[in-house]
Amino acid sequence: MSDDPSPMGKSLAHRIRVEAHTVWLAARDPRTPLLAKLVGLLVAGYALSPIDLIPDFIPVLGLLDDAILIPAGVWLFARLVPPALLAEHRATAEAAAARPVSKWGVAIVLAIWALIAFIAYEFVMLGYD
């Protein structure tokens with residue numbers, strides 16, 4: 001990834017993540033119109049949800065829904081929100097994306113998932129004894 005600060009220098013995944021965060025922040029702002037809040041919560045909920053209309057493990061189609069639905073929802077949301085308000089929240093989301101990721105945090109989450117998987121495995125294996 002380049003150090004170019006322009007949107008063209010960022011990956012599509014980065015842009016989608018920042019835009020979804022922007023929508024989430026703006027949808028929670030009291031200055032956002034009600035219709036925009038409803039659209040924004042739907043878009044942010046879909047973008048941040050682990051459940052997709054088409055599962056990501058299906059080749060091409062799994063990622064295509066994210067590449068079409070999320071930008072379309074962000075576009076609609078941006079049409080419903082005052083540009084200055086959207087720019088304010090976009091700057092906040094971009095700053096949050098620039099923060100470093102905690103490797104210890106990732107390690108702890110992975111360890112918890114591994115522990116849950118181990119406990120589930122042991123619980124299932126008890127049924128076979």
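Predicted model, so just to flag it, every value in this text is computed and none were measured.

A. Quick look at the side chain of His14. Of note, His14 is situated in helix H1 (residues 12–27). A relative accessible area of 6% means that His14 is categorised as buried. Engagement of the side chain of His14 in a polar contact is seen with the side chain of Glu94, the distance being 2.9 Å. Those residues within four positions of His14 in sequence are excluded, and the remaining contacts are Glu94 and Ala97.

B. Highlighting a nonpolar patch on the surface. Among the surface-exposed residues, Leu53, Phe57, Ile58, Val60, Leu61, Leu64, Ile68 and Leu69 lie close enough to one another that they form a single nonpolar patch of about 820 Å² accessible area. For Phe57, a relative accessible area of 69% gives the class exposed.

C. A look at the pattern of salt bridges. Evaluated as defined, the whole model comprises 5 salt bridges. A salt bridge links Arg90 to Glu19, with the nearest nitrogen and oxygen atoms 2.8 Å apart. Of the two residues, Arg90 sits in helix H4 (residues 83–97) while Glu19 sits in helix H1, which places them 71 residues apart along the sequence. The exposure class assigned to Glu19 is buried, which follows from its relative accessible area of 12%. Its salt-bridge partner being Asp29, residue Arg31 comes within 2.7 Å of it at the nearest N-O pair. When salt bridges with common partners are traced through the structure, they connect Arg15, Glu19, Arg90 and Glu94 into a single cluster.

Scoring rules and cut-offs
- Residues numbered from 1 in each chain as written.
- Predicted model: local features only at pLDDT ≥ 70, side-chain atom pairs only at ≥ 80, totals over all residues.
- Heavy atoms only, no water.
- Helix = DSSP H or I, 4+ residues; strand = E, 2+ residues; numbered from the N terminus.
- Buried < 20%, exposed > 50% of the residue type's maximum accessible area, 1.4 Å probe, protein only.
- Polar contact = N/O pair within 3.5 Å; in protein donor to acceptor, adjacent residues only side chain to side chain.
- Contact = heavy atoms within 4.5 Å.
- Patch = residues over 30% accessible without salt bridge, like charges linked within 9 Å, V, L, I, M, F, W, Y side chains within 5 Å.
- Areas by Shrake-Rupley, 256 points an atom, 1.4 Å probe, with all protein chains shown as cover.
- Salt bridge = Lys/Arg side-chain N within 4 Å of Asp/Glu carboxyl O.

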